[in-house]
Amino acid sequence: MTVMDSAIPRAQNRPVSTGSSAIVEADAAALPTAPEALLDAVRALAADLPDTDPARVVDRAVAGLHTGATAAELDALAVRTAAELIAQEPEYSRLAARLLARTIGAEVRSQGVGAFSEGIALGHAEGLIGDTTAAFVAAHAAELDAAVDSALAAGADRRFEYFGLRTVYDRYLLRHPVNRQVVETPQYFLLRVACGLSRTAEEAVGFYRLMSSLAYLPSSPTLFNSGTRHTQMSSCYLLDSPQDNLESIYDMYGRIARLSKFAGGIGVAWSRIRSRGALIRGTNGHSNGIVPWLNTLDASVQAVNQGGRRKGAACVYLEPWHPDILEFLELRDNTGEEARRTHNLNLANWIPDLFMRRVDADGVWSLFDPNEVPELPDLWGPEFDAVYEQAECDGRFVRQIPARELYARMMRTLAQTGNGWMTFKDAANRTCNQAAEPGNVVHLSNLCTEILEVTSDGETAVCNLGSVQLGAHVADGGMDWDKLRATVRTAVTFLDRVIDINYYPTGQAAASNPRWRPVGLGVMGLQDVFFSLGLPFDAPEARELSTRIAEEIYLTALETSCDLAAEAGPHPAYEETHAARGRLQPDLWDGVTPTQTKRWDALRDRVAAHGLRNSLLIAVAPTATIASIAGAYECIEPQVSNLFKRETLSGEFLQINTYLVRELKARGLWTAAVRDRIKRAEGSVQDIVELPEDVRRLYRTAWELPQRALIDLAAARSPYIDQSQSLNLFMADPTIGKLSSMYRYAWSTGLKTTYYLRSRPATRIQQATVAAAPAVADEEAIACSLENPEACEACQ
Amino acid sequence: MRLLDPGMNLTLRPMRYPDFYEKYRAAIRNTWTVEEVDLHSDLPDLDKLGPAERHLVQRLVAFFATGDTIVANNLVLNLYRHINAPEARLYLSRQLFEEAVHVQFYLTLLDTYLPDPDERAKAFAAVEHIPSIRRKAEFCFRWIDSAMGLERLETRDDRRQFLLNLICFAACIEGLFFYGAFAYVYFLRSRGLLNGLASGTNWVFRDESAHMDFAFQVVETVRAEEPDLFDDELAEDVRRMLAEAVEAETAFAEDLLAGGVAGMTVADMRTYLQHVADRRLAQLGMAPMYGVANPFAFMELQDVQELANFFERRVSAYQVAVTGSVSFDEDF
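Residues numbered from 1 in each chain as written. Chains lettered and ligands numbered in written order. Predicted model: local features only at pLDDT ≥ 70, side-chain atom pairs only at ≥ 80, totals over all residues.

**Student:** Explanation requested: unusual backbone geometry in the structure shown.
**Tutor:** Excluding glycine, residues mostly have negative phi values, and the peptide bonds linking residues are mostly trans. Between Arg13 of chain B and the following residue, Pro14 of chain B, the backbone shows a cis peptide bond with an omega angle of -10 degrees. On the secondary structure map, Pro14 of chain B appears in the segment before helix H1 (18–29). (Helix = DSSP H or I, 4+ residues; strand = E, 2+ residues; numbered from the N terminus.)

**Student:** Looking at this structure, I do not really get the packing of helix H12 (residues 246–261) of chain A against helix H13 (residues 291–303) of chain A. What am I missing?
**Tutor:** A pair of packed helices can be characterised by two numbers: the angle between their axes and the separation between those axes. Residues and elements named next belong to chain A. In the contact formed by H12 and H13, the axes pass within 10 Å of each other and the chain directions differ by 25 degrees. On the basis of the axis angle, H12 is roughly parallel to H13. The element H12 and its partner H13 pack so that their crossing is right-handed. Along the contact surface, H12 presents Ile249, Tyr253, Ile256, Ala257 and Ser260, while H13 presents Trp293, Thr296, Leu297, Ser300 and Val301. For the contact of H12 with H13, the class distribution of residues is seven nonpolar, three polar and no charged. (Axes fitted to C-alpha atoms, helices over the stretch in contact; angles between N-to-C directions. Parallel < 35°, antiparallel > 145°, perpendicular 65-115°, else oblique. Left-handed = near helix turned anticlockwise from the far one by under 90°. Contact = placed C-beta atoms within 7 Å. Nonpolar A, V, L, I, M, F, W, Y, C, P; charged D, E, K, R; others polar.)

**Student:** Sorry if this is basic, but what is going on with the packing of H1 of chain B against helix H4 (residues 86–113) of chain B here?
**Tutor:** All names here are of chain B. At a closest axis distance of 8 Å, the pairing of H1 and H4 adopts a crossing angle of 25 degrees. With respect to each other, H1 and H4 are oriented roughly parallel. Every pair of crossing elements has a handedness; the one defined by H1 and H4 is left-handed. Contacts from Phe20, Tyr21, Lys23, Tyr24, Ala27 and Ile28 of H1 reach H4 at Glu87, Ala88, Leu90, Tyr91, Arg94 and Glu98.

**Student:** Any chance you could explain the confidence of the model for chain A here in plain terms?
**Tutor:** As a note on interpretation, predicted positions should not be read in detail where pLDDT is low. All names here are of chain A. Per-residue confidence for chain A gives a mean pLDDT of 89; residues scoring 70 or more make up 90%. Low pLDDT (under 50) marks residues 1–32, which in the prediction has 55 contacts with non-local residues, meaning those over four places away or in another chain. Contacts of residues 773–796 to residues separated by more than four positions or lying in other chains number 14 contacts, the stretch itself having pLDDT below 50. (pLDDT = per-residue confidence, 0-100.)

**Student:** Quick question: what am I supposed to make of the confidence of the model for chain B here?
**Tutor:** Residue and element names in this part refer to chain B. Averaged over every residue, the pLDDT of chain B is 89; the share at 70 or more is 94%. Taken element by element, the predicted model of chain B shows its lowest mean pLDDT in strand S1 (residues 305–308) (52) and its highest in helix H10 (residues 232–256) (95). Of the regions scoring below 50 in pLDDT, residues 308–314 engages in 19 contacts with residues more than four places distant in sequence or in other chains. Scored by ipTM, the complex comes to 0.75, with pTM at 0.82.

**Student:** Mind showing me how you'd approach helix H1 (residues 35–45) of chain A here?
**Tutor:** Think of an α-helix as turning once every 3.6 residues; residues three or four places apart then point the same way. Residues and elements named next belong to chain A. When we look at burial in H1, the residues that qualify are Pro35, Leu38, Ala41, Val42 and Leu45. Around the axis of H1, the buried residues are gathered within 115 degrees of arc, so they sit on the same side. H1 presents Glu36 and Ala44 as exposed residues on the side facing more than 90 degrees away from its buried surface. Here the buried face of H1 lies against helix H2 (54–63), helix H3 (71–84) and helix H4 (91–109). (Buried ≥ 20, exposed ≤ 12 C-beta atoms within 10 Å, placed from the backbone. Arc of directions from axis to C-beta.)

So this is what it looks like as structure tokens:
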């Protein structure tokens, strides 16, 4: 392949003299980069963005140049300059994205790639694209290339916000292995993902159109790897605890490293490993417990870099009867001996109901060495209780502590590190479709606490994910249910497709996934829906709608999976599931009556006849990165702030609530003064008294909402989530008392898992760009005017 | 009994300045350690930098190498001695610890960034050899010395002299020199470079903000207790001092940006420093000198809440000390 020859002169290195347009046009494909030409380009891109000022962008970019700057530096600076204006006017986000798309297009063309099929051919020659996909694209080149053209004509590239496109450019687009230039545009990238999973061109184009509309996106590993030579497209791997011997533990490190390498996130249990002080018969010495092993795991996971795109990440699950539980809870403390710390591992508690009942009753809690009572990890519900209590009666515990003391330590860890997630073993097993038969046990959740699948020594649970952008399914003041159903049907079909094409880095993963065929369809943009419809998170209508959405998605996903089973047969382990016994997720919950009874009845008949192609269908993942790409709020979360900064490997990005800006503009309140007030209030609008109360209610942040509402919403949708949801909880200033009340409540509603506890720093950075806080005397005047806008004379 | 009255007050109850104690407690909750900062991704970034940017980073690191040590010295030699309230001294003790952590952080950074021992030695000797850093250091030393001769703050002149030292370290050194340095770090960060440096700097920045807050609170307390110290002459001295600091820091910028760095010019840096100087004046209840707006949009990013994607970076927003006991009927 000669077009890739790095000897080709690159546009990047030509000097441009600032203030004049004296640029040598070396080759025809280069950008017109002189300031005047740039201004023309910016004007064209900003034609439908009336609140942007192209001249301002170009002037500022030129002013930031130094003598001897290159043409590429001016282009890059123009992108950044536009991005810097987002806080003042959100429309600059679109403008910055379009400028970026322009430079990406030029970069791709400079590689000699002028069409999708050419990019795939180049990628294949360079060893990036897999043979199957290359052949598929070559066979349908004209049709596929035309699909990109028509999507672009329909404005596909114009849908991106800056942060989203920047993320795509920095992290997702395939790069030439030697010169590191991107070889695909954002549209080529999405079509490449579609082609990697399609059997016909028509299928590929349909799936591409859905993704290109940003109404649905698969999770990052699928976006990274579909169509490439390494088709590891699954997000999550769950591994049962290693056995209590050296060989098993070291084998586990190796498995985790292989799974991590291709962008999988790891959940691993550790409850079977003997505790500190337990006897080692082979040497007649005593064990150092789990901490040194986890320290090694931490180092190992860090060493595996996921293709340079992100760091490896893992979460360790431990049951609270393990004698090392207190040391486990300190693993992320920032004081103490470094050898007993794991700064990068995530930690989760895998909690049986019995523990929560003991906490409730202020009882004692017994800690057992897994060597002494090895059955505990494989038991749940009444059987767990019986074995645990018998062992307690027999005095086989290492020691006992007040249950509340341990619970308080868990709460402390959550407040101090955000980690030590509370996940509930009994609820997880009781409602898991895979756990209908004894011996099929859910031993842990995953890195983001939304996956619940059975594991064993021989089976590593696998899940591939994707999320519907709910905000893209709002029309005419309500949900567009037809569109939502269509999206879910396509999504499930392609999630299922991943299972057969996926590359499995370990034998245990390859053994499990084809048997159970689980997938995890989730959502993002629930907050977008609520903003669009004017529903605060704690309104009863919000809960009703969110539950209705969950039911619609689960029901449609089941229908689709049943259709797939009618074609290809049920998944091989179908007979072991609750579904085979006529029990679907809502049936595993007490007192749940779905709303669409006719469709459910029809579905039940069809499932009885054909079975299901997938044992699990729904998992609400955090969607951090893909929500950015889609320009939506993350999964089921409320907004964190009306104005916040997102820090990622690509840099820092300002995010602003565009719904709020629209509201403020309509009221003539989008002024520098109001912006400063919002900034000074750290993104809160509760003090903007010019806004009516109901508007302020709508735009509360996660810190200002009652967390009970978030828990209630999550609990209400749970009967339609057959796996689980990544539910973050927010508390600006946590105390043990508040946290213990909150998590006890979460458990009592039957939630299967919770995720991070988000809190805020105890001291803050001095704001550098907001007008200095008024002197002390003035502060009283402000407080007065805020509480008492009409009556306060001093402020008139 | 006033805050600057000479002596060694030991009485914590009744507490005269509970605000200082609260600041001490908030600082404890904010403890971080150098081991938490992940510098691993910085090394490949360093390789990506062009010569002009590399020069910027090297100079910057050389400044950081000694900056916090100077502040710590002044704290011990001057501030701790004369701020006579045990709760204030609690805070200062805590601040001293934080300065030590900063020194350790920049030491670790230098050891990581500069594998060659000779280069490291050169960075620590920057105060001697690099004129733009030397000029800033001399400014600091001059002000340390200005208060060193004060055994006890007996006269009005003694107190004024001490106040100027306090204001210099809060407004000019922590409040301006460091703010200047932070701007370069965040500039690089806004381009996705040197995340490790930036995340450690975030925490340093947070600490320095608190130190400045404390110092200004001391100034306000003294103002309330001895208003006659705050005359036009003091204001004039503060302005002169800030103007000199802006000049010294601008000269540093000329050195740092000598190679030409796209997106950051000396002119913008000067404007930014003037903007920061005006803020310091406003915090001291004095009229602004420059009346300019902040030119650096990426600094606005530092003013808003952070939300890190945990896959990528550690979140720096957690608290250390939590209190309370298990209960089931609290609001959440």
